[in-house]
Amino acid sequence: MKKLILLFVLFVMARLRPVLSVFILLFPLTSVTYSQLVSQLPPVSSPPLKLGQSVVTSYEFFSNPTDNVVRVIDTRNIPPFVVGGNYWNAPPQYAGADWTKARMRSVYGIALSDASSPDIFVSASTSIYFPCAQMGTNDSVLIFKIDGSTWGVGNYTMRDFSAGPPLIGVNKIPNTGTGIGNICFDSQHKQILATNMEDGRIYRVGAGGVVLSTFDPFGPDNGLPGFPPIRERLFGIGSYGTSTGNVKVYFSRWNSDYTNRGMNNQIWSVDLDNAGEFIPSTLSLKITLPFFLLENFSAPVTDIEFSFSGDMLLGERSFDGDCSGAHFSRILEYPRDVLGNYPTFIIHKVGVYASNSNSCGGVDFDYGVSDSVTKSNSLCDSNIVGTGDYLYSTSGGLVYGVQVTDRSQSAVDPNFLNFSHFIDLNGTLSGSDKRSPGDIDVYRKNLCGDTICLSILSDTIYCDSTGTYIYEFKIHNNSPSKYIEQIEITVDSPQPPNYVVAVPSTINIYPPIPPNGASGVQKVKLIGPGATATSEVCYTLSANFVHEDCPWCCFIENCIKLPICGTCAEVMQDSIYCDNGEYVYNFTLKNGTIYDVTKIQLTSPGVDPITFIPQTFHFGTPVLPGQMFPNLSARILGGAAGMTIPVRIKLFSGTFECCYFELPYTLPPCDTLHLDLTSFIQGRYNDAVNLMIGDTIEVELRNNYAPYSLVEKSKGYLNDSGKCTLNYYYATNATNYYIVLKHRNSIETWSKSPGQSFSAGVLNFDFLSLSQAYGQNLRVIDSIPLWFGIFSGDVNQDGQVNLADIILISNNSSNFINGYVTTDLNGDNLTNLTDILIALGNSNVFVNKISP
């Protein structure tokens, strides 16, 4: 009875947010016996982390000082999903000997290094957990480092007991007790990035926990102790890049919560240079997060993670002002498009309570199959893990902890339960550990195929000119010490009389495939009465190692379907061009098969460095025979000017590979050309100071002859003086191009005829005078000097300013939708009458896009 009363008092106190010292005075900790219910985790005897294991933080106020605040959950060997969901009480949980509350107190954020024995970094937190309290005077560590080989805890970055300023070159971060928001590991530059809840800065931390530099995206802190103001406060952080030269740091801006409403939370980014230093001029808004349905707030994002192809996963955590709340926070996925943007989102359901919005902020991608027995990892990024409150209800009580869900099903309500497992962190199955789950990180590497002794790297099947089926494949030798000298293919189906055989059935490989090495492309014919279109052929592939007469000691089994020989697809148009230094393949096809095609896959067989991002395009509505596919684009990684590559395009109907064809290409040069552009945006210009509020623009180069095809496009920031330098890689000198200026709520504006050309790699151009625009499609914005600017008001980007745009602006004004939104025409972060009048004025004179 005393425990129930105490829990009730704590609930009330959490809502009132009393001073923690008063609470301790009234209810001495020595009288609490709840920690006796929490079993300590045994020290694990075999670090390091294994691929597929998850690291989780948690904090229970009533737990014993010797209980764990960091633990490893062995989320490998995931059991089959069951209808209605599964309380998964089987996965072992481990902890190092000193991963305790006494050693680390309250920690939340997690970052894993990319070493073979990965170090585990965890960061000190404050109001993340219940009760809401800041760091104590004896809490001197902000980032801990858990050694990857020994799992011993060490102090990494210390706390400077002040509000600032930052100290560079020492292992200290100023903090009066607010703690760190979250941390991430930048694998390209081998550094930790941390958001500081004291001053609204991002800290770049190098070896030994030393602060290398800081970045303050939203203005200097007020210098006062405690949390920075809302809208200056940063929390979740993550980085993504494929090389040292293209890493972006993504971070969340805390604009709203349950108490502070009215402005959308956001995700911003800043680029790092080759040395890993911030490039402040690249600060950019990437995502404006949606409010909760029928509400005018959302929860701050506390964790940002990325799939191997760059899709972004965001974990919100409920907050009621500065203190943690519950049951109004989500997991959102933002797929990455070919340009590296995040225009759409998916909301993944978390837990069974209320509206399935029970996230505790920790999220990550996980393997679909991660088997500790066979050491295999496959189906990369096909599962999502996340921490949460009230995740599942069992006959024994409620689960608070971790949810593991099939990525493709977790957005479907209520069916996400049929594809979910739920893990309780302390095994008590009660609501007493509400708000105690923290962050979660899965130890992953890009191993998407089986990692037993042998694996198939790539394969395809097609018809040759005689109508014979040809099966091509590449294998990987997963042995760390042995060489493969021979492989054998035995077809298991169809059986006689409709048999199929592989010719040849034995392939001698010279030189042998080295340990952890890959073969070249192997090719066999599939012949026999059973080798008919649409039939399934299953086979066993075995490897014979050098100096081992044991061909069946290493084998795998696989099945393929035979396609129909004939037309695959008609290429309506395709091109390869450069975009900001990266190659892009753009193409449009017409379905030439008899199948309803559900996906297209791009590969470049035989050219190892080449990778397409995305590699696979899925179609929610199948493309029927004879129908056109949508226009598609993919980035090409690993290419260089002059390289000739095959672009192999495969068509699938479900899991069935219908057909494929190849197109040869030589990659063009990507030498940099610079466009120095000057232009003003009407609504954002202030004629009193001859300056404007800067914003991001996109500028295309198009041919100056019909059909005026796109040559290349580039994004940049048009500053307050109306200037922007944009880089191009595919354009050439002495060739006329139309310059097409695009802005998110302005009229698309084309340059004058017959176009403009680069000279010695440079082109200077401005839209300041009427004659500079095609069709003189500009508006006077200043009389002294006489300057023209591009028209504002095309909110829906349909090429005209009309009633539709005015209605959008008016609705947002009525609903007080403010911030960086398209309906804010003058750039003051407010949508109001001023913006309506700008659009109305241009609508009255029938402003629209004018192009050749």
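Quick notes on the rules
Residues numbered from 1 in each chain as written. Predicted model: local features only at pLDDT ≥ 70, side-chain atom pairs only at ≥ 80, totals over all residues. Heavy atoms only, no water. Salt bridge = Lys/Arg side-chain N within 4 Å of Asp/Glu carboxyl O. Helix = DSSP H or I, 4+ residues; strand = E, 2+ residues; numbered from the N terminus. Buried < 20%, exposed > 50% of the residue type's maximum accessible area, 1.4 Å probe, protein only. Disulfide = S-S within 2.5 Å. pLDDT = per-residue confidence, 0-100. Contact = heavy atoms within 4.5 Å.

Re the pattern of salt bridges
Right, so step 1: Evaluation of the coordinates by the stated rule reveals 23 salt bridges.
Right, so step 2: Its salt-bridge partner being Asp 311, residue Arg 407 comes within 2.7 Å of it at the nearest N-O pair. Of this pair, Arg 407 sits in the loop between strand S28 (397-406) and strand S29 (420-424) while Asp 311 sits in the loop between strand S18 (301-306) and strand S19 (312-316), and the two are 96 residues apart along the sequence. No difference in accessibility class separates Arg 407 from Asp 311, as the two residues are buried.
Right, so step 3: The closest approach of N and O atoms between Glu 472 and Lys 523, which form a salt bridge, is 3.7 Å. Here Glu 472, found in strand S32 (residues 469-477), pairs with Lys 523, found in strand S36 (residues 522-527); they are 51 residues apart in sequence, far enough to count as distant.
Right, so step 4: Look at the salt bridges and you will find they share partners, linking Glu 700, Arg 702, Lys 742, Glu 748 and Lys 849 into a network.

Quick notes on the state of the cysteines
Right, so step 1: Scanning all chains against the criterion turns up three disulfides.
Right, so step 2: In this model, Cys 568 is linked to Cys 659 through a disulfide, with the two sulfur atoms separated by 2.0 Å. With the S-S bond torsion at 80 degrees, the cross-link from Cys 568 to Cys 659 turns out right-handed. Placement of Cys 568 in the loop between strand S38 (555-561) and strand S39 (569-579) and of Cys 659 in strand S46 (residues 656-666) is noted, with a sequence separation of 91 residues between them. In terms of burial, Cys 568 and Cys 659 fall into one category: buried.
Right, so step 3: Cys 658 takes part in no disulfide bond, and the closest cysteine sulfur, belonging to Cys 659, lies 6.0 Å away.
Right, so step 4: Here Cys 658 falls in the buried class, since its relative accessible area comes to 1%.

Describing the confidence of the model for the protein
Right, so step 1: Per-residue pLDDT for the protein has a mean of 87; in total, 92% of the residues score no lower than 70.
Right, so step 2: Counting interchain partners and residues more than four positions distant, the pLDDT-below-50 stretch residues 1-39 has 39 contacts.

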